[in-house]
Amino acid sequence: MPSPFLTPGTRAQPDNIALLHLRRDQSIPTILRTQDDECQGYKEGKVTTTRFGVFPHSTMLDQPWGSQIAASKVDTGSRGRRPANPAKRKADELDESGTTTGVDDDTPVQKAVAAASGFLHMMYPTPEAWTLSLPHRTQVVYSPDYSYILHRLRVRAGGTIIEAGAGSGSFTHASVRAVFNGYPEEQQKKRKLGKVCSYEFHEQRAGRIREEISQHGLDGLVEVTHRDVCKDGFLLGDSETGSSPNATAVFLDLPAPWLALKHLVRKPASGGPSPLDPSSTVYICTFSPCLEQVEKTVRVMRQLSWLNIEMVEVQDHRIDVKRERVGLETEGIRGATVFPTTVEEAADKLWAEEERAKILRSGSNKNLSPEETAALKEAEIAITESMKPKTSTPMYDLGRLVHRSEPELKSHTSYLVFAILPRDWTEEDEQKCREQWPPSKLDALQDKGKSKKQLKRESKSQRMAESIAKKTAEKAAEADAEADAETS
Ligand SMILES: C[S@@+](CC[C@H](N)C(=O)[O-])C[C@H]1O[C@@H](n2cnc3c(N)ncnc32)[C@H](O)[C@@H]1O
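What counts, and where the lines are drawn
Residues numbered from 1 in each chain as written. Predicted model: local features only at pLDDT ≥ 70, side-chain atom pairs only at ≥ 80, totals over all residues. UniProt positions renumbered as here; feature names shortened; annotations may be inferred. Helix = DSSP H or I, 4+ residues; strand = E, 2+ residues; numbered from the N terminus. Buried ≥ 20, exposed ≤ 12 C-beta atoms within 10 Å, placed from the backbone. Contact = placed C-beta atoms within 7 Å. Arc of directions from axis to C-beta. Pairing = 2+ DSSP bridges. Core = buried A, V, L, I, M, F, W, Y, C linked by C-beta atoms within 7 Å. Near = placed C-beta within 6 Å. Nonpolar A, V, L, I, M, F, W, Y, C, P; charged D, E, K, R; others polar. Expected span 1.5 Å × (residues − 1). Axes fitted to C-alpha atoms, helices over the stretch in contact; angles between N-to-C directions.

- An unreviewed UniProt entry annotates the protein chain as tRNA (adenine(58)-N(1))-methyltransferase catalytic subunit TRM61 originating from Penicillium malachiteum.
- As stated in UniProt under Subcellular location (unreviewed entry), the record for the protein chain gives "Nucleus".
- Under the UniProt heading Subunit (unreviewed entry), the note attached to the protein chain is "Heterotetramer; composed of two copies of TRM6 and two copies of TRM61."

Structure below.
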């Protein structure tokens, strides 16, 4: 099944995960199915109940992603449900009457009837949206951090990344999108598929993330291993005899990342294969909330020959920029502060309101004299006038431009330590390289891309340099000869 995280298509298909978007900061993840997988027993099949109504999945399947879905009338009481355990019900009914009637699991679900109000939007999942709606089992890495980390780790389509610990799978989903360049079942020759090798030592969490990976159509792209990486390292399969992931990028979100670094070397002490790609530079990032952790990590990185070690903290501030409108003419505009902007404006309004109050206090305005009616009208006009814009400047351009940072943007600040491990370079590699690229081949290659004019200019300057050198040598020889003649 193609993953809706990577290739969602245009319409929601059965068994796809969808995010039911209720508000800007609230989405409910659900697996779309006509039939109820939890045996809730609704006649409409599988339903999702929200604060904005009940939504049978039959109303969402095969709809374009992003559709607005209306709530349905669903009897959520016991009368509206099929028995929770059809097998038991069948047995009970057989006992009583010797026959089975009514709904069973093969019965088509009842067509949903739209409710008077309530709706949501059905969105396909993205790693960013998943991060905000996933069931939290641990602290998670949020999108401001992981977008920066994946960029600095140079994670790209077709690459392999090691991640430990998997935790709630927030970083896992972002990294699988970054390495994705095709599904294993459609693998073509010569193309290396992107892969995430994820490690988690908490058994239940490892099991849960495996389930999610499978439900999200990411099998074969993410390999989850239940392992203590500090003790047993990063090989796939067996921790001693397993195969190397050949990773070019490593992300460690662990309480003690420095303890895992001994396994991330070119030649492990165990004598087994290295989990790193021998033909490439490896980029690492560790994610730690305390400076003490950073210090220990950096110390061990230095001992293990990691280079370009650098610590970064991502401080994300979304800034809300808007125009602050003050003035009586802004009455009725959302967010505006309705105060007079000048003394005249305040006096006008006061006068008009006093006039109107005076007339209203003097009795019912049904029996007003013609003069009083005229005065009331005048006061009404004055109030309306005082509220009209006094300038020809459009409303959007009035007011002071102000900005506030958005306090609710989620991010979990930690210190990010980045480093690089250069590829292993032996004497043999050097020799092989020299044989493949002798200096003559390099010179020819250098000349290859040059224009005729450039080649001419270069040979002219070379000739000039040679003639200068020749003349200098001749002069020196003459001077030597003169000196010899003088001495003799
Ligand atoms: C903060 S969570 C990781 C959150 C994850 N990066 C995410 O974005 O959802 C840290 C995880 O590391 C796991 N862990 C801690 N020490 C470990 C070890 N030595 N080997 C493997 N996993 C470990 C913990 O069980 C925990 O689930």
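**Things to note about the overall build of the protein chain**
Move 1: A tally of helices and strands in the protein chain yields 12 helices and 15 strands.
Move 2: For the protein chain, buried positions account for 27% of its 488 residues.
Move 3: Within the protein chain, counting contacts between residues at least 6 apart in sequence, those at least 24 apart form 69% of the total.

**Quick look at helix 3 (residues 143-152)**
Move 1: Along helix 3, the residues that are buried comprise Ser 143, Asp 145, Tyr 146, Ile 149 and Leu 150. Buried residues along helix 3 cover an arc of 155 degrees about the axis, so they all sit on one side.
Move 2: Looking at the buried residues of helix 3, the elements they touch are helix 2 (127-133), helix 4 (170-179), strand 10 (249-252), strand 11 (282-288) and strand 15 (415-421).
Move 3: Backbone geometry just downstream of helix 3 places Arg 154 in the positive-phi region, at approximately 55 degrees.

**Overview of the pairing of strand 4 (residues 53-56)**
Two faces, one strand: in a regular strand the side chains alternate between the faces of the sheet.
Move 1: Burial along strand 4 is two-sided: Gly 53 and Phe 55 facing one way and Val 54 and Pro 56 facing the other are all buried.
Move 2: Alignment of strand 3 (residues 47-50) against strand 4, held across 4 bridges, turns out to be antiparallel. Each residue of the ladder has a partner; that of Thr 48, found in strand 4, is Phe 55.
Move 3: Connecting strand 3 to the next strand, strand 4, in antiparallel fashion are 2 residues.

**Topic: the nonpolar core**
Generally speaking, soluble globular proteins have nonpolar side chains that are buried together.
Move 1: Ranked by internal contacts, the top residues of the largest apolar core, which has 55 residues, are Val 250 and Phe 251.
Move 2: Among the nonpolar cores identified, the runner-up in size contains 18 residues, and Ile 17, Leu 20, Ile 69 and Tyr 124 belong to it.

**Looking at the site of the ligand**
Move 1: Taken together, 22 residues lie around the ligand, and Gly 165, Gly 167, Ser 170, Phe 201 and Asp 253 are the ones closest in.
Move 2: When its residues are assigned to classes, the shell around the ligand shows 10 nonpolar, 8 polar and 4 charged.

**Focus: helix 7 (residues 291-303)**
Move 1: Helix length check: helix 7 (13 residues) gives 19 Å between terminal C-alpha atoms against 18 Å at 1.5 Å per residue, within 8%.
Move 2: Among all positions in helix 7, only Gln 293, Val 294, Thr 297 and Met 301 are buried. Here the buried residues of helix 7 occupy an arc of 95 degrees about the axis, which is enough to place them on one side. Facing away from the buried side of helix 7 by over 90 degrees, the exposed positions are Leu 291, Glu 292, Arg 299, Arg 302 and Gln 303.
Move 3: Looking at the packing, one finds that the buried side of helix 7 touches strand 11, strand 12 (307-313) and strand 15.
Move 4: A positive backbone phi angle near 70 degrees is found at Ser 305, which sits one or two residues after helix 7.

**Re the sheet that holds strand 7 (residues 160-164)**
Move 1: With respect to topology, 7 strands assemble into an open sheet ordered 9-8-7-10-11-15-12, the strand pairing being mixed. Taken across any chain shown, the strands that pair with only one partner, and hence form the sheet edges, are strand 9 (222-226) and strand 12. The sheet shows a mean angle of 15 degrees between the axes of neighbouring strands, taken without regard to direction.
Move 2: As paired elements, strand 11 and strand 15 share 7 bridges and run antiparallel to each other.

**Remarks on unusual backbone geometry**
Move 1: Between Ala 164 and the following residue, Gly 165, the backbone shows a cis peptide bond with an omega angle of -10 degrees.
Move 2: Relative to the elements of secondary structure, Gly 165 occurs in the loop between strand 7 and helix 4.
Move 3: One non-glycine residue, Arg 154, lies in positive phi territory at about 55 degrees.
Move 4: By the secondary structure assignment, Arg 154 is in the loop between helix 3 and strand 7.

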